[in-house]
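# Structure assessment
Letter by letter, the chains look like this.
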Amino acid sequence: MTVLDLLAEGELTVLGRIEEASNAALYCSVTYRGRQAHCVYKPVAGERPLWDFPDGTLAQREVAAYEVSEATGWSLVPPTVLRQGPYGEGMCQLWIEPGTDDATDPLLALVEDEEPGEGWKAIGLAEVGEGRTALLVHADDERLRRLAVLDAVINNGDRKGGHLLPAPEGRLYAIDHGVTFNVDDKLRTLLWGWAGEPLTEETLQVLARLEERLAGAGALATRLAELLTAAETEAVRSRIRELRRTGRHPEPSGQWPPIPWPPV
């Protein structure tokens, strides 16, 4: 039995609500054939309408983000399924217990210097009160760099610091992918540190595999067709082609605020 089987077939028991979530997000236990885990269940019925996304589609987009993440081989998104639950159809995602502060290096920081120090990438200036500003930076971390590429592919409109989950054994997971896969450029992220820089050779190989798997009736193309519109799936192909053509990390378009608010 796989984790996906457990999430899809197990009995969900709601244990509480995640209050800081903008949409209904329920902390649950899931039990199936003697195996138990904790998960997050986001019912479609609890999604708030958005002006730039069709109503009732955020759960499908979260699952689509997981599918693309798995296709990269990077496994940056926790196992995620679409299923029926106590409040109707919704997204069900494995709960990731974050690593302790002592066991994980910081991924974001505020520094007083004008330039980031060694091992850091600049995001931009942030107000810190009393008319003062500080430089917001993120770690020059290969896990984050991979995530920046994934976000560019899925067109993530809300990559905040709070969506980064350092886990034990050096793993990094990313959550909250409801506002993704729009056909228009919506990329808003804290991970602009590599903007304009050449993509790594590994990334170019991953993008080539993704393009192949999205061609014709490939497995990934078939799965995304179940979760997204035809135009949204074609937009994924277009973004991958553009990344391969330029060979560089994307830069802010200037047509949309590049950093989400609040950033963390």
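Read on for an overview of the structure.

Basis of the calculations
- Residues numbered from 1 in each chain as written.
- Predicted model: local features only at pLDDT ≥ 70, side-chain atom pairs only at ≥ 80, totals over all residues.
- Heavy atoms only, no water.
- 1 Å grid on protein atoms, 1.4 Å probe; cavity = no way out; pocket = protein on both sides within 12 Å on 5 of 7 lines; lining within 4 Å.
- Points joined across faces, edges and corners; volume = space filled by probe spheres on them.
- Helix = DSSP H or I, 4+ residues; strand = E, 2+ residues; numbered from the N terminus.
- Nonpolar A, V, L, I, M, F, W, Y, C, P; charged D, E, K, R; others polar.
- Pairing = 2+ DSSP bridges.
- Axes fitted to C-alpha atoms, helices over the stretch in contact; angles between N-to-C directions.
- Contact = heavy atoms within 4.5 Å.
- Salt bridge = Lys/Arg side-chain N within 4 Å of Asp/Glu carboxyl O.
- Buried < 20%, exposed > 50% of the residue type's maximum accessible area, 1.4 Å probe, protein only.
- Parallel < 35°, antiparallel > 145°, perpendicular 65-115°, else oblique.
- Left-handed = near helix turned anticlockwise from the far one by under 90°.
- Lys, Arg positive; Asp, Glu negative; His and termini not counted.
- Polar contact = N/O pair within 3.5 Å; in protein donor to acceptor, adjacent residues only side chain to side chain.

What follows is about the layout of surface pockets. Each pocket or cavity is described by its volume, and for the largest pocket that value is around 1000 Å³. Of all the elements in the fold, those that place two or more residues in the lining of the largest pocket are strand S3 (35–43), helix H2 (58–72) and strand S5 (88–94). Considering only residue class, the lining of the largest pocket consists of 20 nonpolar, 8 polar and 11 charged. Counted as a void, the second largest pocket has a volume near 440 Å³. What lines the second largest pocket is a set of 23 residues, among which Ala152, Asp185, Arg239, Glu242 and Pro250 lie closest to the centre.

Take the sheet that holds strand S4 (residues 80–85) next. Strand order across the open sheet formed by 5 strands is S1-S2-S3-S5-S4, with antiparallel pairing between neighbours. Looking along the sheet, the strands with just one partner apiece sit at the ends: strand S1 (11–17) and S4. Across this sheet, the average inter-strand angle for adjacent strands is 40°, counted without regard to direction. With 6 bridges connecting them, S1 and strand S2 (residues 26–32) associate as antiparallel partners. By the bridge assignment, Glu11 is partnered in S2 with Thr31. Packing against the sheet, H2 makes contact with S3, S4 and S5, and its axis sits at approximately 150° to S4.

The full count for this structure, using the stated rule, is 15 salt bridges. Notably, a salt bridge pairs Lys42 with Glu62, separated by 2.9 Å at the nearest N-O pair. Here Lys42 is found in strand S3, whereas its partner Glu62 is found in helix H2, with 20 residues between them in sequence. Accessibility assignment for this pair places Lys42 and Glu62 in one class, buried. When the shortest N-O distance is used, the salt bridge between Lys121 and Glu197 registers 2.7 Å. Of this pair, Lys121 sits in strand S7 (residues 120–129) while Glu197 sits in the loop between strand S10 (172–174) and helix H4 (201–213); the two residues are 76 residues apart in sequence, bridging distant segments of the chain. In this structure Glu197 comes out as partly exposed when scored by relative accessible area, which is 26%. In this structure, a network of salt bridges that share partners links the residues Lys42, Glu62 and Asp176.

Viewed as axis vectors pointing N to C, H2 and H4 meet at an angle of 125°, and their least axial separation amounts to 9 Å. Comparing their axes, H4 and H2 come out oblique. Crossing of H2 against H4: the hand is right-handed. Residues Val68, Ala71 and Thr72 of H2 pack against Val206, Arg209, Leu210 and Arg213 of H4. Taken together, the residues of the contact of H2 with H4 sort by class into 4 nonpolar, 1 polar and 2 charged.

A separate point is the side chain of Arg145. Counting through the fold element by element, Arg145 comes out in helix H3 (residues 142–154). Buried within the structure, Arg145 lacks any salt-bridge partner; Glu197 is the closest side chain of opposite charge, at an N-O distance of 4.1 Å. A polar contact of 2.7 Å, which involves the side chain of Arg145, links it to the backbone oxygen of Pro198. If near-sequence neighbours (up to four positions away) are discounted, Arg145 is found in contact with Trp194, Glu197, Pro198, Thr200 and His249.

Turning next to the pairing of strand S8 (residues 132–139). By the criterion of burial, S8 is predominantly enclosed, with 6 of the 8 residues buried. Note: strand S6 (residues 108–111) against S8, 4 bridges, orientation antiparallel. Bridge pairing in S8 links Leu110 to Leu136.

Quick look at empty space enclosed by the protein now. Per the stated rule, a full pass over the model turns up 1 cavity of 30 Å³ or more. Empty space within the largest cavity amounts to approximately 80 Å³. Residue lining of the largest cavity: Ala148, Asp151, Leu187, Thr189, Leu191, Trp192, Trp194, Ala195, His249 and Pro250, and that is the complete set. A breakdown of the residues in the lining of the largest cavity according to their chemical character gives 7 nonpolar, 2 polar and 1 charged.

Keep in mind that these numbers describe shape and distance, not what the molecule does.
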